[in-house]
Amino acid sequence: MSMLRSLRIRLGTVELGSLFALDDGRCYFRFDDDYAMSGAQHPVLSQLYCASSEQRTRAQLLDPTLAANRGDGRGGLPPFFQNLLPEGQLRKHLVQRAGLSPDDEFGLLAYCGRDLPGDVSALAEQLDEPGLGRLLGQGHDSYEMSSGQLPVPGGESLSGVQPKLALVRQAGGRYVMRSRDRQGSHFIAKLPATDYPNMPQVEFSSLTLAAAAGVTVCGFALEPLSVIADHLPFGLRNDASRFLLVQRFDRDAPTATGRLHMEDFAQVTGTAPSAKYAGTYAAIGAILMERSTRGVEDVFELLRRIKVNELLGNFDAHLKNFSLLYHTPQQAALSPAYDIVAYAAYVGGNGHALALVPGQGARQLLSPAVLRQLANIWGVAETRLRTVLIDTVERAMSQWPALIAELPLTHDQRLRLWAHIDANPSVVAWRRRAARPTRKAPA
């Protein structure tokens, strides 16, 4: 007898379809016919499902065998839904809290289904016999009559590896862990339960420096752990005292659900979380040129982030660290930056986690030759891209010395970060152009 678990997938208040898992490890997503046939009027779940014409998009949405809608056959969800799940220590905590098997991705999505990133929800659904037949028969009339349906739970989520809490702010400035009946402004707390000491302070400093260099960043602040009213579910470092508070740009919106939809570039490209380092910046930029409402301006913003990551030694910027934010149900643009960490304050290294262009390995720098390739791929004049880079380095080197001296970094972290910055070829060229003396290391 085949058993099935099913979740009703909604985007905002719109019914999209059913995500269902069979007891043999297979998992599928199937769009509702009504959603697929609504054409340009329907809200976009993912650019992954947008084809070159409305007719091709509709055919793709109606295709019950679409590869993007299949899991790996071993219990894994289709890539778009896999990328909604938390990772790392937070995932282990939620799996334990929900009483799930570690490899039960479907159960974890159900447990997290009321508070997923963006405006997607995944709620348990009870199917009637025709509904079961449509899913199990993949559009055909017959299905195994001995098939049945299993119940699924419902719960909470936050995506990402670093230990995090979803918080709401109460009157008086205290923060409490989000629950279904709590109202208020929505935030994420990035906690200091990590192998890297002083991580909230380093990430706060990184976002501050990125903003000074011209990068559009999320709202953030450094707060004492004492402002969180609840008992924390994670063990923290003995020296932990502060956490990074990040305002959620996908919440507190003037929509029916109070949420804005978003998707990271692993979802956009149909990439499983385990392969999040497999993309290229060239591909991200090409998608922004074609699909973002801001077009080339978002490509310039992407280039600024690439250069700032390189200067700060953010060696871990992968596909899930870049997202599209939907300002209307059909229109998206690059979201504010939300995960910039100057790992150079801890360890040595160079380059980027993602390859810059196809055929290139990771850990490479943004050289003039690579910039020329990016200009050709994106169809943007190389001189315009070079101007963005020159402006970014000029802003950074004009403002960072005073900021780094005042930001909450340790003395050793400042030394390591400056050693990394000073060695970057763009900084060397900046000093040479204006005949600036080499910066003296802090005492």
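Residues numbered from 1 in each chain as written. Predicted model: local features only at pLDDT ≥ 70, side-chain atom pairs only at ≥ 80, totals over all residues. Heavy atoms only, no water.

Re the pairing of strand E10 (residues 242-247)
Item 1. Where strand E8 (residues 186-190) lies against E10, 4 bridges are found, and the strand directions are antiparallel. Bridging across to E10, isoleucine 188 finds its partner in valine 246.
Item 2. The pairing of strand E9 (residues 220-224) with E10 spans 5 bridges and is classified as antiparallel. Residue pairing for E10: alanine 221 is matched across the bridge by leucine 245. (Pairing = 2+ DSSP bridges. Helix = DSSP H or I, 4+ residues; strand = E, 2+ residues; numbered from the N terminus.)

Considering the side chain of glutamine 201
Item 1. By the secondary structure assignment, glutamine 201 is in helix H7 (residues 199-212).
Item 2. The buried category is assigned to glutamine 201, whose relative accessible area is 10%.
Item 3. Residues in contact with glutamine 201, not counting those within four places in the same chain, are Leu222, Ser241, Arg242, Pro408 and Leu409. (Buried < 20%, exposed > 50% of the residue type's maximum accessible area, 1.4 Å probe, protein only. Contact = heavy atoms within 4.5 Å.)

As for the pairing of strand E12 (residues 323-326)
Item 1. Side chains of E12 alternate between two faces, with Ser323 and Leu325 and Leu324 and Tyr326 buried alike.
Item 2. In terms of strand pairing, strand E11 (residues 262-264) meets E12 through 3 bridges, oriented antiparallel. Opposite glutamate 263, over in E12, you have leucine 324 as the bridge partner.
Item 3. The hairpin turn running from E12 into strand E13 (residues 332-334), its antiparallel successor, is 5 residues long.

Digging into the packing of aromatic side chains
Item 1. Tallied over the full model, the rule gives 12 aromatic pairs.
Item 2. Measuring from centroid to centroid gives 4.7 Å for phenylalanine 29 and phenylalanine 31, while their planes differ by 75°, and the two rings are edge-to-face.
Item 3. Here phenylalanine 29 falls in the buried class, since its relative accessible area comes to 3%.
Item 4. For phenylalanine 31, a relative accessible area of 1% translates into the label buried.
Item 5. Where phenylalanine 80 meets phenylalanine 81, the ring centres are 5.3 Å apart and the plane angle is 80°; that geometry is what we call edge-to-face.
Item 6. Through successive ring pairs, a cluster of aromatic residues spans Phe29, Phe31, Tyr35, Tyr49, Phe80 and Phe81. (Phe/Tyr/Trp six-rings, centres within 6.5 Å; stacked < 30°, edge-to-face > 60°.)

Brief notes about the confidence of the model for the protein
Parts of the model with low pLDDT should not have their predicted coordinates read in detail.
Item 1. For the protein, per-residue confidence averages 88 on the pLDDT scale, and 88% of positions sit at 70 or higher.
Item 2. Of the regions scoring below 50 in pLDDT, residues 139-158 engages in 71 contacts with residues more than four places distant in sequence or in other chains. (pLDDT = per-residue confidence, 0-100.)

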